[in-house]
Amino acid sequence: MSTLDPKPEKKRLPRKAFAPDVRLETLAVREGLPATEWGENSEGLFLTSSFNHPDAATAAARFANEEEAFVYTRFSNPTTMMFERRLAALEGTEAAIATSSGMSAIMLLVMGLLKAGDHVVCSRSVFGSTIKLLQGEFGKFGVQTTFVSQTDVAEWRAAIQPNTKLLFAETPSNPLTEVCDIAQLAEVAHAAGALLAVDNCFCSPALQRPAKLGADLIIHSGTKYLDGQGRVVAGALCGSEQLIENVFVPVMRSAGMSLSPFNAWVVLKGLETLSIRMAAQSANALALARWLEAQPSVERVYYPGLPSHPQHELAMKQQGGLGGAVVSFITKGEGADAARRNAFAVIDHTRICSITSNLGDTKTTITHPATTSHGRLSEDQRQAAGITQGMIRVAVGLEHIEDLKADLASGLNSIA
Ligand SMILES: *Cc1c(COP(=O)(O)O)cnc(C)c1O
């Protein structure tokens with residue numbers, strides 16, 4: 001074949017065909033790869049590090065990237081690909097790439113898109129490790145980040161520089177559940193010739209689909225609602241086929257933050273129940289938030305599903321009418337010491353809630369942000385961020401709502 005001949009069409013792995021209007025719930029249980037010759041109904045778990053080729057010429061074609069096939073699990077794996085295709089279908093993006101954790105998805109994002117001298121604009125309210133990764137680790141490599149208000153779009157616009165390549169948002173935020181306007185941030189990014197990435201952990205695609213609102217890339221910690229049962233650490237990056245294949249797959253192949261097929265299988269099966277879990281956990285969270293608002297020893301409740309939430313209308317529009325499963329509240333108490341004592345008392349009186357900073361589990365978790373997830377901040381930084389000593393965060397699970405109320409009531413009554 002001379003080099004002037006047109007390149008033959010790349011041979012692709014088969015895809016399942018769905019009607020164009022097939023719904024999210026159906027894709028959540030059906031999207032993936034066709035079954036193997038054995039006709040398995042539940043998706044296969046392919047625990048293999050490499051794949052065999054029928055002959056040397058086929059191996060050569062696969063290594064030359066003329067034929068899409070499985071070669072080595074750092075590059076791709078059938079179980080991992082089923083998870084990627086299913087998640088992309090749910091997010092409404094052309095493609096996805098699975099990563100070993102949510103943080104490695106963010107690392108892949110930055111490694112793929114940016115180089116020394118580039119600039120990022122990021123919300124000040126994103127996950128703590130995201131701030132450390134951008135500012136600390138990527139700062140060392142010459143990528144600069146400006147941190148701005150979660151809710152004031154004018155601050156994002158004002159922070160744009162000629163070298164700004166990426167805007168990074170997370171909504172709702174942890175633990176204050178502040179909501180940013182994805183569609184507006186997409187406009188700001190695109191007007192500057194930059195891309196918008198959204199960390200969609202808290203809502204998951206069952207409630208919020210950032211790509212539909214103009215976001216270019218979506219970050220997931222599969223550890224949270226996608227698995228939904230607190231079993232594995234996993235992550236993913238969703239976006240256009242062009243970006244995933246040409247920008248991120250090459251980084252994955254050389255940097256190797258790939259997801260184990262076993263963990264991919266666990267999260268893949270978790271996706272099948274995602275929308276019913278998100279609906280049920282959001283309903284539980286709304287009931288708990290309303291009840292907390294009526295408790296005399298509670299000063300304030302933060303939950304996007306409550307009309308008292310400052311961005312309630314935007315949240316309902318952006319999150320499919322549901323508030324998500326994370327509720328934070330402040331216990332009453334004069335001064336920081338008393339507030340912390342009261343918050344600890346509420347946490348220590350619980351018998352059902354798990355005392356852990358993780359979230360996205362069917363088991364309700366309870367945490368004191370000021371001394372755990374946000375414990376490394378100074379008291380001034382915490383005050384500025386609104387994370388006071390009286391604050392408690394509850395990530396609501398699937399237990400009966402009356403049992404959860406009773407579990408919190410005993411501590412709240414003890415401080416009343
Ligand atoms: C947990 C979390 C991450 C990090 O995910 P890991 O899977 O723990 O690496 C990133 N963003 C948000 C919003 C999270 O809650």
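Residues numbered from 1 in each chain as written. Predicted model: local features only at pLDDT ≥ 70, side-chain atom pairs only at ≥ 80, totals over all residues. Heavy atoms only, no water.

A few words now on the overall build of the protein chain. When helices and strands are counted, the protein chain shows 15 helices and twelve strands. Scaling as 2.2 N^0.38, a compact globule of 416 residues should have a C-alpha radius of gyration of about 22 Å, and the protein chain matches this with 23 Å. With respect to the principal axes defined by its C-alpha atoms, the protein chain has extents near 80 × 50 × 35 Å. Out of the 416 residues in the protein chain, the part that is buried amounts to 53%. The contacts of the protein chain with a sequence gap of at least 6 include a subset with a gap of at least 24, amounting to 72%. Total accessible area on the protein chain is roughly 18200 Å²; 53% of this is exposed by carbon and sulfur atoms. Each charge class in the protein chain can be summarised by its mean position, and for the 37 positive and 42 negative side chains these summaries are 2 Å apart. (Helix = DSSP H or I, 4+ residues; strand = E, 2+ residues; numbered from the N terminus. Rg over C-alpha atoms; globule rule 2.2 N^0.38 Å. Buried < 20%, exposed > 50% of the residue type's maximum accessible area, 1.4 Å probe, protein only. Contact = heavy atoms within 4.5 Å. Areas by Shrake-Rupley, 256 points an atom, 1.4 Å probe, with all protein chains shown as cover. Lys, Arg positive; Asp, Glu negative; His and termini not counted. Charge placed at Lys NZ, Arg CZ, Asp CG, Glu CD.)

Looking now at the pairing of strand β9 (residues 326–331). Burial of β9 is extensive: six of the six residues sit out of reach of the surface. What you see with β9 is no split at all: V326, S328 and I330 on one side and V327, F329 and T331 on the other are buried throughout. By the bridge criterion, four bridges tie strand β8 (residues 298–302) to β9 in an arrangement that is antiparallel. Across the sheet, V301 pairs through a bridge with F329, a residue of β9. Taken together, the five bridges between β9 and strand β12 (residues 391–395) define a ladder with antiparallel strand orientation. (Pairing = 2+ DSSP bridges.)

This brings us to the domain arrangement of the protein chain. When its domains are assigned, the protein chain resolves into domain 1 (24–114 + 185–271) and domain 2 (274–415). On a C-alpha basis, the centroid separation for the pair domain 1 and domain 2 is 31 Å. Contacts between domain 1 and domain 2 engage 21 residues on the former and 18 residues on the latter. Here domain 1 and domain 2 share an interface that buries about 1600 Å² over both sides, 62% of which is from carbon and sulfur atoms. Per-residue buried area on domain 1 facing domain 2 is highest for F202, L207 and Y225; these three make up 43% of the total on that side. For the pair domain 1 and domain 2, the number of links is seven residue pairs in polar contact (both at pLDDT 80 or more). Sorting the residues of the side of domain 1 that touches domain 2 by element identifies α1 (24–30), α8 (204–207) and α10 (261–271) as the ones contributing at least two each. At four residues, α8 tops the list of elements feeding residues into the side of domain 1 that touches domain 2. Considering only residue class, the side of domain 1 that touches domain 2 consists of eleven nonpolar, seven polar and three charged. (Domains from an automatic or database assignment. Buried area = accessible area lost by both parts, 1.4 Å probe. Polar contact = N/O pair within 3.5 Å; in protein donor to acceptor, adjacent residues only side chain to side chain. Nonpolar A, V, L, I, M, F, W, Y, C, P; charged D, E, K, R; others polar.)

Here the structure, examined in full by the defined rule, presents 14 salt bridges. A salt bridge links E43 to R86; its shortest N-O distance comes to 2.6 Å. Within this pair, whereas E43 is found in the loop between α1 and α2 (56–63), its partner R86 is found in helix α3 (residues 78–91), the two being separated by 43 residues in sequence. Accessibility assignment for this pair places E43 and R86 in one class, buried. Taking the shortest distance from any N to any O, the salt bridge between D227 and R231 comes out at 2.6 Å. Overall, D227 belongs to the buried group, its relative accessible area being 0%. With a relative accessible area of 45%, R231 lands in the partly exposed category. One continuous salt-bridge network, built from bridges that share partners, spans E43, R86, K269 and E272. (Salt bridge = Lys/Arg side-chain N within 4 Å of Asp/Glu carboxyl O.)

Contact pair helix α4 (residues 102–113) / helix α9 (residues 241–255): the axes reach a minimum separation of 9 Å and the direction vectors enclose 110°. Taken together, the axes of α4 and α9 lie roughly perpendicular to each other. You can see that α4 and α9 cross each other, and the crossing is right-handed. Of α9, the residues touching α4 (which contributes L108, L109, M111, G112 and L113) are L243, V247, F248, V251, M252 and A255. For the contact of α4 with α9, the residue count by class is ten nonpolar, one polar and no charged. (Axes fitted to C-alpha atoms, helices over the stretch in contact; angles between N-to-C directions. Parallel < 35°, antiparallel > 145°, perpendicular 65-115°, else oblique. Left-handed = near helix turned anticlockwise from the far one by under 90°.)

This part covers the sheet that holds strand β5 (residues 195–199). Taking strand neighbours across the sheet as the criterion, the seven strands line up as β1-β7-β6-β5-β4-β2-β3 in an open arrangement whose pairing is mixed. Each edge of the open sheet carries a strand with a single partner, namely β1 (95–99) and β3 (144–148). For this sheet, the mean angle separating the axes of adjacent strands, direction not counted, is 20°. In the sheet, β5 pairs with strand β6 (residues 217–221) via three bridges, with the strands oriented parallel. Pairing of A197 across the sheet is with L217, part of β6. With respect to the sheet, helix α7 (residues 182–191) is in contact with β4 (164–170) and β5, its orientation differing from that of β5 by roughly 150°.

Here we take up the packing of aromatic side chains. Throughout the structure, instances matching the rule amount to two aromatic pairs. With 5.6 Å between their ring centres and 40° between their planes, F51 and F70 make a pair best called tilted. Here F51, found in the loop between α1 and α2, pairs with F70, found in the loop between α2 and α3; they are 19 residues apart in sequence, far enough to count as distant. We classify F51 as buried; its relative accessible area is 16%. Ring plane angle 75° and centroid distance 5.7 Å describe the contact between Y72 and F75, whose orientation is recorded as edge-to-face. The class for Y72 is partly exposed, based on a relative accessible area of 34%. Since its relative accessible area comes to 24%, F75 is described here as partly exposed. Positioned above the aromatic ring of F127, the side-chain terminus of K224 is 5.1 Å from the ring centre. In this arrangement the basic side chain of R253 is found over the ring face of F75, its NZ or CZ atom lying 3.8 Å from the centre. (Phe/Tyr/Trp six-rings, centres within 6.5 Å; stacked < 30°, edge-to-face > 60°. Lys NZ or Arg CZ within 6 Å of the ring centre and 35° of its normal.)

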